[in-house]
Amino acid sequence: MTKKRIYIILIILASVAMPLLIYPFGKNKVTIETFRWHIVKTIHCNVYYPYGMEQLATKTAVIAEKAYVHIADALQHELNDPVPIIVFPSHIDFQENNILLQIIGEGTGGFTEAFKNRVVVPFNGSYDEFQHVLVHELVHAFQFNILMRDSSGKIQSMMSMGSVPLWFTEGMSEYLSIGFDETADMTMRDFFLNDQYISLMDFTTYKTGNMYYYYKVGQAFFYFFETVYGKGKIGEFLRDIRDLDDFEEALKVHTKKNLEEIDTEFKHFYKKRFYPVIAGRNFDEEEGQRITNHQKTRSIFNTCPAISPDGKKIAYIDNRDIYSSISIITIGQKEAEQKARVILTGNETSEFEGMHLLDNYLSWTPDGKGIVFVSQSRNRDVIFIIDAGNGKILNEIVLPFRSIKDPALSPDGKFICFIGQTNIQSDVYIYSLLDKSLKQVTRDIYSKRYPKLSADNTVIFYSSNYPAGDYTSQQYAIIKHTLATNAREIIIQPQSKNLQVDVAGDGNSIVYISNREGIYNVYRYDISTSTETKITNASTGIFYPRIFPDANKIAFVSYQNGGYDIFIKENIVPVTIAPPFKTEHIPVMLSQSYFPLSQAIWDNYATTVSPDWVFFGLGGTVGYGFAGFAQMSFSDYLGDNRIVVTTDYLRYGSSANYLNWDVQYLYLRYRWDYSLGFFRQKNPFGIFTLASINDLIHNAYWSTLSMDHYGVYAIASYPFTRFSRFSTRVSSSRYERDYSYLDQRPDVFANLNSVSVSYNYDNVLWGFLAPLRGTRGQILFTQVVNLTGQDYSFSSIDIDVRHYFFLDKQYVLAFRGIGGKIMGEKKEYFKYYIGGFNTLRGHPFIEYGGTNVFLFNAEFRFTFIESIQMGWPLFLKIGNIGGVLFVDAGSAWDNNYTFMNKDTGEFQDFKMDMGFGFRLTLYPIVILKLDYAWPYYYSGFGHKEIVFSLGYEF
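A quick note: this is a predicted structure, and the numbers were derived from the prediction, not measured.

(A) Fine view of the side chain of Asn857. Locating Asn857 in the fold gives a position in strand β45 (residues 852-869). A polar side-chain atom of Asn857 sits 2.9 Å from a polar atom in the side chain of Arg816. Looking at Asn857, its side chain comes within polar contact range of the main-chain oxygen of Thr839, at 3.0 Å.

If you want it as structure tokens, here you go:
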């Protein structure tokens, strides 16, 4: 028990610091295109870019230098070193980066890595959106530099990141990159007009799970802060947080108020701003009939509506089932939102890896039998036509673009217009379904969105910022582009954002949204008379207007109560103009750089490895022993070459010194991922994986007199898709274990030379430390060969399959099936052992052994309390306090298998138990598990076992 206590301190570090690639499950990063990286060096930035994309690198450097001057002036701070900026030519390429080993989803616009202060961003075809993301991440680079590297601060500056609330850092980055804009205004307006307000105290203690709010509320806070307390104090505020190591103390320095008092002032500021707005404006239900209800379905997005040709159905994208799905509603049904039929679910298969929730547009085929949309599929964007009845793929259109946005089928079903992105820009294209030809409509670096063909296919309408004369402008005009003459006519001027055009079936009018009054509303433009009318007057915001075939009503998406829903508005008539809303939106105007780009240095990328991070922990007991753990990571700037060193040390008594270590080199540049390592394990508590944490509690080595296992290994892994991969492992090692005479296991002193191959599949959606839905599995074959005539030889095959059902977004049904068989002359030395935690919980620990094994676990998981937030002095969040009902069954045997003993009438080799357990999650560390289990022998139940364990759920 004493050795267990020694290592408790190390559990937390081991839980968060393990190498990711040694785990048998997990999704994959698939490197389709290998870039030759180059660098352009300016005075403040080093821009890493793929060779051949010098124009993108140039524009990145120009924006970055302007942004540097802007941020340095706002924060009154200069960086110590040039900022590494790594730019990928598309979001799909960005998702496959090796800088972060974690899987990156569509919703991540960019990131800044703290230890090397690397800014990593994708280019998505729109320079105004690219500038927003790049400046946002550069602000983070300044924040990390101030908090972690500025020698003018106190020594605890390195630890000050924990004192800065997330809403503060993300809000600052939003505010300094796009100012106070309509998105923050809309979020705050919804808070107050619809009674959704969440206090700054709740954001500071992370009591809300909507991460978008942390960005927008923080952005709104800095507008309030500078308006009330004066400009030019943001950088000083951040440095005071660092130096005082306390956010609230720094807040008092600048406002003379504590957080609760500031929250009250913050609320009053926005109440005064928004309450007059409601006069003359409507809530959602006053604008039209609600078709979906995100609060009932517990979704956030119901968007991209498309009206069927007969006007009776609406197809749309939602996330009611967590993943993005395409659903269809039949209009006029009572409680239609509960009768929506999901025809396709994304993010679970390689065909539909990402549904482009914010960059999509749905269209029906003229016969009403098909739906057109774009999805990320096998690491590229593909336009799909699926069956509207069953979701089966009718057509896949693969085109040579880095990304595809906003596909729209022409009314006659012959053409698809869309936005296609190349290495340096995005343009409008038209694809012919008849002859499979591709036509490029525009050729410039300005942003374009939402193209739509007229009924006769002679004109295409779209939004663009080219009339503003600045490719980073956020002001979009509506363009009428005549295809025969290539003439462009500006029909709606770029005095605001004018977006999401839809064309009436008769071709006489278009509808679109505009934020010219500070709130997105729908406008209609009569083409024959060149007149414009406003047709909605919402108080929060309206998006994606779509005209019904009869041109007498529209469907639209409205933002209210923290989510997006679809409405239908009858009788399209001009609305009464409401009193003007004084928006006072403050855009960011980047300063001119004083560094001439002609002095930039263009250079090849050279691989140099430097430290990423170090984790370590110490522990011990007086008069008994000492223990320590450390893990270090080194990599190059692109993460293609990585070295991970893990060690732990145990000393007890006067002469017992045990050092475990593992050194692993990973080469991740190409689609094949390679790893080479060498290791030694001398003590039984080698914390190299999360699975071994429970060895501290359930000591499988209680009868081990000595052990020594050392050798080398090489791993090669080939990902077929994001969800499946093939792996092979070759190793050669010395394996020595000396057991007590009380142990039935035979001593082992042998050389092991093994080759293993495996197939892995994983499309699981994770919650906090536990899977929620999906399937994961592995089939593994291992051959241990006798190379010298004195080595051990045996074969094994192992299968592990798990499936999870997420019920009502509250409960999880989890199933696991394991099977294995060891064959060969030395098979008795490496038997399977089951019993105890994580296997048969109602039976003694590793009670049953054999060369054959099967195991089945079924669990019903539920939550009592979502979270408890503790205050001073722990400031600890305990979450997901819940329980589990379970059934375990399995067996381990050598030769003949006997299911039931005929003499006793009880199970013999077959073992079974059932019971219940409690779960408590310590964020973001580990799950504490306490199980009560009763063995079942067919004739009745036995005495209960109480099992405590740590780690993730299976």
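(B) Inspection of the confidence of the model for the protein at higher detail. Looking at the protein, pLDDT values average 88 and 90% of them are 70 or higher. Confidence drops under pLDDT 50 across residues 1-22; counting only partners more than four residues distant or on other chains, this segment forms 70 contacts. Per-residue pLDDT stays below 50 along residues 152-160; that stretch engages in 15 contacts with residues further than four places along the chain or on separate chains.

(C) Spatial organisation of the sheet that holds strand β1 (residues 37-41). Pairing in this open sheet of six strands is mixed, and the strands run β4-β5-β3-β2-β1-β30 from one edge to the other. Because the sheet does not close on itself, it has two edges, and the strands there are β4 (111-113) and β30 (601-604). Shown here is a sheet whose adjacent strand axes are inclined to one another by a mean of 25 degrees, direction ignored. Here β1 runs beside β30; their pairing, made up of four bridges, is antiparallel. If you follow Ile39 over to β30, its bridge partner there is Asp603. Together, β1, β2 (45-50), β3 (83-88) and β30 form the strand contacts of helix α2 (residues 54-75), whose direction differs from that of β2 by roughly 155 degrees. Packing of helix α4 (residues 127-148) onto the sheet brings it into contact with β3, β4 and β5 (118-122), and relative to β5 it is tilted by some 165 degrees.

(D) Representation of the environment of Tyr637. Among the secondary structure elements, Tyr637 is positioned in the loop between β32 (625-635) and β33 (641-652). Since its relative accessible area comes to 22%, Tyr637 is described here as partly exposed. Distance from Tyr637 to Thr607, taken between C-alpha atoms, is 7.7 Å for residues 30 residues apart in sequence. Beyond its immediate sequence surroundings of up to four residues, Tyr637 is in contact with Tyr48, Pro84, Ile86, Ile99, Lys116, Arg118, Tyr605 and Thr608.

(E) Structural view of the pattern of salt bridges. Throughout the structure, instances matching the rule amount to 48 salt bridges. Among the salt bridges present, the one from Asp808 reaches Arg298, with a minimum N-O distance of 2.5 Å. Linking Asp808 in the loop between β41 (794-807) and β42 (811-823) with Arg298 in the loop between α13 (294-297) and β7 (302-307), this pair joins segments that are 510 residues apart in sequence. With a relative accessible area of 47%, Asp808 lands in the partly exposed category. Across the pair Asp502 and Lys452 runs a salt bridge whose closest N-O atoms are separated by 2.2 Å. One end of the pair, Asp502, is in strand β23 (residues 498-503); the other, Lys452, is in strand β19 (residues 448-453), with 50 residues separating them in the sequence. Owing to a relative accessible area of 3%, Asp502 belongs among the buried residues under this scheme. Among the residues examined, Lys452 registers a relative accessible area of 8% and is labelled buried.

(F) A look at the packing of α2 against α4. For the pair α2 and α4, interaxial distance at closest approach is 9 Å and the crossing angle is 50 degrees. Comparing the axis directions of α2 and α4 gives the class oblique. α4 is crossed by α2, and the crossing has right-handed handedness. Facing Leu56, Lys59, Thr60, Ile63, Ala64, Ala67, Tyr68, Ile71, Ala72 and Leu75 of α2, the residues of α4 in contact are Tyr127, Phe130, Gln131, Leu134, Val135, Leu138, Val139, Phe142 and Ile146. When the residues that make up the contact of α2 with α4 are grouped by side-chain class, the tally is 16 nonpolar, two polar and one charged.

(G) Just the pairing of strand β27 (residues 542-547), in detail. Of all six residues in β27, six are buried; the element is thus mostly enclosed. Relative to strand β28 (residues 554-560), β27 runs antiparallel, the two being bridged by four bridges. Looking at β28, one finds that Ile547 is bridged to Ile554.

(H) Molecular detail of the sheet that holds strand β25 (residues 521-526). Spatially, β23-β24-β25-β26 is the arrangement adopted by the four strands of the open sheet, whose pairing is antiparallel. Two strands close off the open sheet at either side, each with one partner strand: β23 and β26 (531-534). For this sheet, the mean angle separating the axes of adjacent strands, direction not counted, is 25 degrees.

(I) How the structure looks around the nonpolar core. The biggest cluster of nonpolar side chains holds 162 residues, and the ones touching the most others in it are Phe168, Phe221 and Tyr270. Top contributing element to this core by residue count: α4, with twelve residues. Formed by 16 residues, the second largest nonpolar core is a distinct cluster that contains Val748, Val784, Tyr792 and Ile834.

(J) View of the pairing of strand β8 (residues 313-321). Buried residues dominate β8, accounting for seven of its nine residues. As paired elements, β7 and β8 share four bridges and run antiparallel to each other. Bridge assignment links Ala306 to a residue of β8, and that residue is Ala315. The antiparallel pairing of β7 with β8 creates a hairpin that spans five residues between the two strands, and Gly311 there sits at a positive phi of about 75 degrees. Sheet topology note: the β8/strand β9 (residues 323-330) ladder contains seven bridges and is antiparallel. Looking across to β9, one finds that Ile317 is bridged to Ile326.

(K) Region of interest: the side chain of Gln131. Along the polypeptide, Gln131 turns up in helix α4. If we skip the residues at most four places from it in the chain, Gln131 touches Ile63, Thr472 and Leu590.

The rules behind these values
- Residues numbered from 1 in each chain as written.
- Predicted model: local features only at pLDDT ≥ 70, side-chain atom pairs only at ≥ 80, totals over all residues.
- Heavy atoms only, no water.
- Helix = DSSP H or I, 4+ residues; strand = E, 2+ residues; numbered from the N terminus.
- Polar contact = N/O pair within 3.5 Å; in protein donor to acceptor, adjacent residues only side chain to side chain.
- pLDDT = per-residue confidence, 0-100.
- Contact = heavy atoms within 4.5 Å.
- Pairing = 2+ DSSP bridges.
- Axes fitted to C-alpha atoms, helices over the stretch in contact; angles between N-to-C directions.
- Buried < 20%, exposed > 50% of the residue type's maximum accessible area, 1.4 Å probe, protein only.
- Salt bridge = Lys/Arg side-chain N within 4 Å of Asp/Glu carboxyl O.
- Parallel < 35°, antiparallel > 145°, perpendicular 65-115°, else oblique.
- Left-handed = near helix turned anticlockwise from the far one by under 90°.
- Nonpolar A, V, L, I, M, F, W, Y, C, P; charged D, E, K, R; others polar.
- Core = buried A, V, L, I, M, F, W, Y, C linked by side-chain atoms within 4.5 Å.

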